[in-house]
Amino acid sequence: MQALNILLRFAWMQTVLNFKVSLHRETLAAIVASLEIIRRGIWNFFRLENEHLNNVGKFRAFKSVPLPFNYEDDEDQDV
């Protein structure tokens, strides 16, 4: 996976450094932009998967945050 990342980064760098390629400039820009979108999608998938695995093990994901007080205790004291 690292090799693919490096290869796609070099493909993007060639547009910045203006290497001579036999394709039209607009065609090359479209291809490189598509490859960059794919590269970022792959790494976002792995980042999301890693975050999910870390959250499940440590139970960091909650649907609601518990309040520091209790409503039932306040009602009993007023009566």
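Above this text is the structure in question.
Here goes a summary of the coordinates provided. (Residues numbered from 1 in each chain as written. Predicted model: local features only at pLDDT ≥ 70, side-chain atom pairs only at ≥ 80, totals over all residues. Heavy atoms only, no water.)

In this section: the overall build of the protein. Scanning the protein for helices and strands turns up three helices and zero strands. Counting from the amino terminus, the protein carries its helices and strands in the arrangement α-α-α. The proportion of buried residues among the 79 residues of the protein is 10%. Only carbon and sulfur atoms are counted for the fraction: they give 63% of the accessible area of the protein, which is about 7400 Å². (Helix = DSSP H or I, 4+ residues; strand = E, 2+ residues; numbered from the N terminus. Buried < 20%, exposed > 50% of the residue type's maximum accessible area, 1.4 Å probe, protein only. Areas by Shrake-Rupley, 256 points an atom, 1.4 Å probe, with all protein chains shown as cover.)

Moving on, we get to the layout of surface pockets. Looking at the largest pocket, its volume works out to about 180 Å³. Along the walls of the largest pocket sit Q14, T15, N18, F19, V21, L23, H24, R25, L28 and A29, which together make up its complete lining. For the lining of the largest pocket, the secondary structure elements donating two or more residues are α1 (2–17) and α2 (25–58). The element contributing the most residues to the lining of the largest pocket is α2, with three residues. Grouping the amino acids of the lining of the largest pocket by side-chain chemistry returns five nonpolar, four polar and one charged. (1 Å grid on protein atoms, 1.4 Å probe; cavity = no way out; pocket = protein on both sides within 12 Å on 5 of 7 lines; lining within 4 Å. Points joined across faces, edges and corners; volume = space filled by probe spheres on them. Nonpolar A, V, L, I, M, F, W, Y, C, P; charged D, E, K, R; others polar.)

A few words on the pattern of salt bridges. Tallied over the full model, the rule gives two salt bridges. As a salt-bridge pair, R40 and E36 come within 2.9 Å of each other at their nearest N and O atoms. Here R40 pairs with E36, and both are found in helix α2, just four residues apart, close to one helical turn. Its relative accessible area of 52% is what places R40 among the exposed residues. The buried category is assigned to E36, whose relative accessible area is 13%. One network of salt bridges, with partners in common, ties together E36, R39 and R40. (Salt bridge = Lys/Arg side-chain N within 4 Å of Asp/Glu carboxyl O.)

Side chains of I6, F10, W12, M13, V16, L17, F19, V21, L23, I31, L35 and I38 sit close together on the surface and give an oily, nonpolar patch of about 1100 Å² of accessible area. Listed by contribution, the elements that provide at least two residues to the nonpolar patch are α1 and α2. At six residues, the largest contribution of residues to the nonpolar patch is made by α1. Mapping W12 onto the fold places it in helix α1. (Patch = residues over 30% accessible without salt bridge, like charges linked within 9 Å, V, L, I, M, F, W, Y side chains within 5 Å.)

The tally for this structure, following the rule as stated, stands at two aromatic pairs. When the ring of W43 is compared with that of F46, the centres are 5.9 Å apart and the planes differ by 55°; the resulting orientation is tilted. In this pair, W43 and F46 both sit in helix α2, three residues apart, roughly one turn of the helix. Under the relative-accessibility criterion, F46 is labelled partly exposed at 37%. With a centroid separation of 5.5 Å and 65° between ring planes, the pair formed by F45 and F46 is classed as edge-to-face. (Phe/Tyr/Trp six-rings, centres within 6.5 Å; stacked < 30°, edge-to-face > 60°.)

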